[in-house]
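Below are the chains, spelled out letter by letter.
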Amino acid sequence: MDNFHKSRYNGTGWQKDADRVEVCMKQQKDNDRVVFQSLAMVMQFGLNMLVPICIMSALGIWIDGKLGTSWVTIVLFVVGAIAGGQNIYHMARRISGGTDGEGPIGEGEPGVNKVQKGGSCENNRAAEKDE
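Residues numbered from 1 in each chain as written. Predicted model: local features only at pLDDT ≥ 70, side-chain atom pairs only at ≥ 80, totals over all residues. Heavy atoms only, no water.

This part covers the overall build of the chain. Scanning the chain for helices and strands turns up four helices and zero strands. Reading the secondary structure of the chain in the N-to-C direction produces α-α-α-α. By residue count, 19% of the 131 residues in the chain fall in the buried class. Partitioning the contacts of the chain with sequence separation of at least 6, the portion at a separation of at least 24 is 56%. Per element, the accessible surface of the chain, about 9,600 Å² overall, is 64% carbon and sulfur. (Helix = DSSP H or I, 4+ residues; strand = E, 2+ residues; numbered from the N terminus. Buried < 20%, exposed > 50% of the residue type's maximum accessible area, 1.4 Å probe, protein only. Contact = heavy atoms within 4.5 Å. Areas by Shrake-Rupley, 256 points an atom, 1.4 Å probe, with all protein chains shown as cover.)

Spelled out as structure tokens, the structure:
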């Protein structure tokens, strides 16, 4: 064996390396899941604001067309914005652990609203050097 392989192999060293790689891959998968969940949450905030505004504005335009007025769209736009703001408020309260809804989103799920335990791949590499 060359020096690299001798330094990496110490009895069960190959298995330890494989275990470390597996831990790093699992941590990366958990980090990817958190990123996608965060992206979904941002999109949900946007939709919770835009949908009521668009629906109420469309309804206002339709009513203004039927009645020949021009002020109903403005009123319903404001109503939609207030409804969207309420949706955002309730969602933010639920995420932060407030009393609205069923409790915090992701409660009990790994990697959501929790600090990752067990260290990072860099810590595993540092431990590998110590061995």
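For the rest of this paragraph, the subject is a nonpolar patch on the surface. A cluster of nonpolar side chains, Ile74, Phe77, Val78 and Ile82, forms an exposed patch at the surface whose accessible area comes to about 390 Å². Structurally, Ile82 is set in helix H3 (residues 72-96). (Patch = residues over 30% accessible without salt bridge, like charges linked within 9 Å, V, L, I, M, F, W, Y side chains within 5 Å. Salt bridge = Lys/Arg side-chain N within 4 Å of Asp/Glu carboxyl O.)

Before going further, it helps to spend a moment on H3. It helps to recall that an α-helix has 3.6 residues per turn; residues three or four apart then point in one direction. Helix length check: H3 (25 residues) gives 36 Å between terminal C-alpha atoms against 36 Å at 1.5 Å per residue, within 8%. Regarding H3, the residues found buried are Val72, Thr73, Leu76, Gly80, Gly84, Met91 and Ile95. Phi turns positive one or two residues past the end of H3, at Gly97, with a value near 95°. (Expected span 1.5 Å × (residues − 1).)

A few words on the side chain of Ser57. Along the chain, Ser57 turns up in helix H2 (residues 13-67). The class for Ser57 is buried, based on a relative accessible area of 14%. In terms of polar contacts, Ser57 uses its side chain to reach the backbone carbonyl oxygen of Ile53, at 2.8 Å. Aside from chain neighbours lying at most four places away, what touches Ser57 is Thr73 and Phe77. (Polar contact = N/O pair within 3.5 Å; in protein donor to acceptor, adjacent residues only side chain to side chain.)

Below, the discussion takes up the confidence of the model for the chain. Scored by pLDDT, the chain has a mean of 75; 61% of the residues are at 70 or more. Helix H1 (residues 3-8) is the least confidently modelled element of the chain, averaging 52 in pLDDT, while H3 averages 94, the highest of any element. Scored below 50 in pLDDT, residues 107-118 shows 16 contacts in the model against residues more than four places distant or in partner chains. (pLDDT = per-residue confidence, 0-100.)

Moving on, we come to the environment of Met56. Inspection of the secondary structure assignment puts Met56 in helix H2. When the C-alpha atoms of Met56 and Val79 are compared, they prove to be 7.3 Å apart, with 23 residues separating the residues in sequence.

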